[in-house]
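# Structural characterization, general
These are the residues of each chain, in order.
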Amino acid sequence: MTLRDRDLLSIQEARELVARAAEAQKIFAAFSQEQVDAIVDACAEAATAAGEQLARMAVEETGYGNVPDKIIKNRLASVDVHRAIRGMKTVGVLREDREKGIVEVATPVGVVAAVIPCTNPTSTTIYKTLISIKARNAVVLSPHPSAARCICETAAVLSRAALRAGAPEGLIGCMAHTTMQGTQELMRHRSVGVILATGGTGLVRAAYSSGKPSYGVGPGNVPAYIERTANVRKAVADILAGKTFDYGTICSSEQAIVCDEQVRDLVLEECRRQGAYFLSSEEAEKVGALVFRPGATAPNPQIVGKPATLLAEMTGLKVPPQTRVLIARLTAVGREQPLSAEKLSPILAFYSVPNTAAAIALCNKLLQFGGAGHTAAVHTASESVAKEFGKGVPAFRVCVNTAAVHGSIGYSTNLFPAMTLGCGALGGNITSDNVGPHHLMNIKRIAWESRAIEHRTIPADRRLLADSGASAGQSPVPVQSAAAASAAAPPAAAPPAAASSSASAAAAASEATGSREAGRPASSVASVSSAPQTAPALAAPIGGRSFSSDIPTQEKEGASAPEVTPSTIAAPDRATISKIVERVMGQFGIPRGSGSNVAPGFSPASSSASPSSTPAPPAAKPAPTSNPLPSPKDVAAAAVSAILGARPATAASPAACATAPEAAVGGRSFSSDKSAASGKGASAPEASAPKLAEFVSETDVRNAIRRGEKIFIGPKTIVTPSARDLASSCEVLIETK
């Protein structure tokens, strides 16, 4: 089927060009910096050679501007822009901050949709193509319909040069059939990564509403302030040079002169001497009606980029043939004064003010009327005045003692040379910069850890290293540091007690917890190695830090972590707990609502318990007071005893009682009898009952693991959930009667 509808043809063309560009960009993204630079160099060289031809084509097709100035603009794009981006790195690692441990890597955005205006068609095409491919992107150009031929020819020159330098086919594309529907299809295409939109307000809004990241530019209504200390002759020459450059088609060209009253007459005389024609009130009204049609907010396309003499002729005015600009003296800013807006032609407004403060206020009104965030200029011999003016006006490019148009695009200043000038949030734009390759690529950042954090994801045997220092009176160590230290150091030998009884303790724990492990396969209970294997430590080249690979072999091989069995103690209802707590508090003589009144002569029940036959030497403690307070452990033990008093005890494993070593955990002393491992009839000393722990915390379990000991618990022992979870993986708790 042949497409005959222009809109459908434009839409289809946009889709095909983007599809080809996306495939080419995937190949181009793998190019080295040298290959990318070679293609950019070839494109810039070809555009420079064809600069004059393309300038003539632009003037003939659009009727805007003049050939000499368009040649300069083409050279700005092909020579100045190319010179500015030649040494820019856009492939691989961009920056490496070893002190902070951050590496930045360049990443292209993909396909750039570039909308080209009719006022600067060829220069903008060259500029947007160079900065796009410099950042390893493909580009698809959407020309303004009134400049499609010269834009397509410029794209063809660049594409042929890129192909000769080794670029993939389709990297640079241009729509030959442009409609608003086709341009919208291009901007909304799913393969487009970013939009570079240069054109009218409606087009820029369409780009922002496309759902894609967009760099659009706003209109300019540039004021030029001549302060009393300025070199008036040079200031006027700069202003007229900027205003007449390509007949005012660049949006950063001056639109109004604002001067101090002290030099007003001198400025007027200098303007006349350099080719300005001052309009009378009636003539200014006629010119205003020509520039802005009734109800329109944008300039009449028929007057855009035309010389001053032609504009006067179109209005019916007679001006000297050497007239360069038309100037209207105004006293207000707004719709009632149409020539106070952006005119895109060699027409200027003229104002005088008493001082710098008044000049800043007036320039604010001019910029807010139609050029917020764009450009302003100041001519002065005072650095303080230049800074005051720059800080006071809502413009993101303030050019000092130079033409606004040449300074803003980076021709007469050291600003980045560009044909797309962002106006920031003030102008409804995403950036206030002169757009370059750095805006058309994303930055990937690789960041190393610079500060350890506390968390509970390190295996239990590694966490013990962090707690061991604290239990010995040392400062606590972050768990990451402890784990890294354990991975870097050779594994320590297992404690003798743990090594000698590991097999029997595992059997005892399995038998003692038989009721809880019912229904679970034997393979689901895994033992923890006393010295887990670790990978060799790796030294990091960033920031002087060293990082070790401390992942246990079990985790590397994908083995499942030991299954954790929660406590099976049933919780009574709140009413029962309340009654029991009141009874226990009464037994201890603790009045309800007070934690300090204790019955005289109180002695904790556990204090009278006789120590084991071979107790660990107790630590020195201060003498007790006459009325010692009951410890939370004693109160909790009594409460649990009342709650679980009727619960049947679990039979202890004979193996556990026979092989459990003497333990001293958390300040408590436990003893176990040692029986003969073999031989019938062998006499053995009478076994003494092991001391049962009343309360077991996670710290108790950790200390027991570190010392290679076991903790004996009974049905009345309180075991915190975290302690039970940790103990179940290390087989530390031994249940007995």
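Here is what the cut-offs are and how they apply
Residues numbered from 1 in each chain as written. Predicted model: local features only at pLDDT ≥ 70, side-chain atom pairs only at ≥ 80, totals over all residues. Heavy atoms only, no water. Helix = DSSP H or I, 4+ residues; strand = E, 2+ residues; numbered from the N terminus. Buried < 20%, exposed > 50% of the residue type's maximum accessible area, 1.4 Å probe, protein only. Contact = heavy atoms within 4.5 Å. Areas by Shrake-Rupley, 256 points an atom, 1.4 Å probe, with all protein chains shown as cover. Pairing = 2+ DSSP bridges. Axes fitted to C-alpha atoms, helices over the stretch in contact; angles between N-to-C directions. Salt bridge = Lys/Arg side-chain N within 4 Å of Asp/Glu carboxyl O. pLDDT = per-residue confidence, 0-100. Polar contact = N/O pair within 3.5 Å; in protein donor to acceptor, adjacent residues only side chain to side chain. Phe/Tyr/Trp six-rings, centres within 6.5 Å; stacked < 30°, edge-to-face > 60°. Core = buried A, V, L, I, M, F, W, Y, C linked by side-chain atoms within 4.5 Å. Parallel < 35°, antiparallel > 145°, perpendicular 65-115°, else oblique. Left-handed = near helix turned anticlockwise from the far one by under 90°. Nonpolar A, V, L, I, M, F, W, Y, C, P; charged D, E, K, R; others polar. Disulfide = S-S within 2.5 Å. Expected span 1.5 Å × (residues − 1).

Turning to the overall build of the chain, a few remarks are in order. For the chain, the helix and strand inventory stands at 25 helices and 20 strands. Considering the chain as a whole, with its 737 residues, one finds that 48% of them fall into the buried category. Restricting the contact set of the chain to residue pairs at least 6 apart, pairs at least 24 apart contribute 71%. Carbon and sulfur atoms make up 55% of the accessible area of the chain, which totals about 35100 Å².

Attention now moves to the sheet that holds strand β18 (residues 693–696). One key point about sheets: their strands pair by backbone hydrogen bonds, in either a parallel or an antiparallel sense. Here we have 3 strands laid out as an open sheet, ordered β18-β19-β20, and parallel in their pairing. Looking along the sheet, the strands with just one partner apiece sit at the ends: β18 and β20 (733–735). In this sheet, adjacent strand axes meet at a mean angle of 75 degrees when their direction is disregarded. Of the pairings in the sheet, the one linking strand β19 (residues 711–719) to β20 comprises 3 bridges and is parallel in character.

Taken as a whole and assessed by the stated rule, the structure comprises 19 salt bridges. With a closest N to O distance of 3.1 Å, Glu52 and Arg56 form a salt bridge. Of this pair, Glu52 and Arg56 both sit in helix α3 (residues 51–62), separated by 4 residues, roughly a single helical turn. For Glu52, a relative accessible area of 43% corresponds to the partly exposed category. For Arg56, a relative accessible area of 41% puts it in the partly exposed group. If you follow the salt bridges from partner to partner, you end up with Lys70, Lys73 and Asp246 in one network.

Of all residues in the chain, 69% have pLDDT values of 70 or greater, and the mean over the chain is 79. Note that residues 543–569 has pLDDT below 50 and, in this model, 62 contacts with residues that lie over four places away or in other chains. Note on residues 646–685: pLDDT under 50 across the span, and 82 contacts to partners over four residues away in sequence or across chains.

What follows is about the side chain of Thr315. Note on placement: Thr315 falls in helix α12 (residues 308–315). What makes Thr315 buried here is its relative accessible area of 16%. A distance of 2.8 Å separates a polar side-chain atom of Thr315 from the backbone oxygen of Leu311. Beyond its immediate chain neighbours, meaning those up to four positions away, Thr315 contacts Lys286, Val287 and Leu290.

What follows deals with the side chain of Glu227. Structurally, the position occupied by Glu227 is in the loop between β8 (222–226) and α9 (232–244). Separated by 2.7 Å, the side chains of Glu227 and Thr380 make a polar contact. In this view, Glu227 contacts Asp260, Thr356, His379, Thr380, Ala381 and Val385; residues no more than four positions away in its chain are not counted.

A word on unusual backbone geometry. Non-glycine residue Arg136 carries a positive phi angle of around 65 degrees. Mapped onto the elements of the fold, Arg136 is located in the loop between α5 (121–134) and β4 (138–142). With phi around 50 degrees, Leu344 is a residue other than glycine that occupies positive phi space. In this fold, Leu344 is placed in the loop between β11 (325–329) and β12 (347–353).

In the structure shown here, the tally under the stated rule is 3 aromatic pairs. Consider the rings of Phe28 and Phe31, whose centres lie 5.2 Å apart with planes at 65 degrees: the pair is edge-to-face. Taking relative accessible area as the criterion, Phe28 reaches 0% and is therefore assigned buried. Residue classification places Phe31 among the buried residues on the basis of a relative accessible area of 14%. Measuring from centroid to centroid gives 6.2 Å for Phe278 and Phe350, while their planes differ by 80 degrees, and the two rings are edge-to-face. With Phe278 in strand β10 (residues 276–279) and Phe350 in strand β12, this pair connects stretches of sequence that are 72 residues apart. Taken as a pair, Phe278 and Phe350 share a single burial class, namely buried.

Another aspect to go through is the environment of Asn231. Along the polypeptide, Asn231 turns up in the loop between β8 and α9. Sequence spacing of Asn231 and His379 is 148 residues, and the spatial spacing of their C-alpha atoms is 7.5 Å.

Residues Ile39, Cys43, Tyr127, Ile133 and Leu186 are the most contacted members of the largest nonpolar core, which totals 78 residues. Leaving out residues up to four positions away in the same chain, Ile39 has contacts with Phe28, Phe31, Ile133, Ala162, Ala165, Gly166 and Ala167. Counting 37 residues, the second largest nonpolar core, distinct from the first, contains Val258, Leu290, Ile303 and Leu317.

What follows concerns the packing of helix α1 (residues 6–28) against helix α7 (residues 180–188). In contact at an axis separation of 7 Å, α1 and α7 are set at 25 degrees when each is read in the N-to-C sense. As far as their axial angle goes, α7 and α1 are roughly parallel. The chirality of how α1 crosses α7 is right-handed. Contacts from Asp7, Ser10, Ile11, Ala14, Arg15 and Val18 of α1 reach α7 at Gln181, Gly182, Glu185 and Leu186. For the contact of α1 with α7, the residue count by class is 4 nonpolar, 3 polar and 3 charged.

Quick look at the sheet that holds strand β5 (residues 172–174) now. Spatial strand order, β5-β4-β3-β6-β7: 5 strands in an open sheet with parallel pairing. Of all the strands in the sheet, the pair left with one neighbour each is β5 and β7 (214–216). Across the sheet, the mean angle from the axis of one strand to that of its neighbour is 15 degrees, orientation sign disregarded. Sheet analysis places β4 next to β5, joined by 3 bridges and oriented parallel. Its bridge partner being in β5, Leu141 is matched across the sheet by Cys174. Strands β3 (111–115), β6 (192–197) and β7 of the sheet are contacted by helix α8 (residues 201–208), whose axis makes an angle of about 165 degrees with β7.

Looking now at the packing of α3 against helix α4 (residues 67–85). In contact at an axis separation of 8 Å, α3 and α4 are set at 130 degrees when each is read in the N-to-C sense. Our classification of the angle between α3 and α4 gives oblique. α3 and α4 meet at a crossing whose hand is right-handed. Residues Gly51, Glu52, Leu54, Ala55, Arg56, Ala58 and Val59 of α3 lie in contact with α4, whose contacting residues are Val67, Lys70, Ile71 and Asn74. The residue inventory of the contact of α3 with α4, partitioned by class, reads 6 nonpolar, 2 polar and 3 charged.

So, on to the state of the cysteines. Scanning all chains against the criterion turns up 0 disulfides. Lacking any disulfide linkage, Cys150 is separated from the closest cysteine sulfur, that of Cys152, by 8.6 Å. For Cys150, a relative accessible area of 0% corresponds to the buried category.

With 12 residues, α3 extends 17 Å from end C-alpha to end C-alpha; this agrees with the ideal 16 Å at 1.5 Å per step. Every buried residue of α3 is listed here: Gly51, Leu54, Ala55, Met57, Ala58, Val59 and Thr62. A positive phi of about 80 degrees marks Gly63, the residue just after α3.

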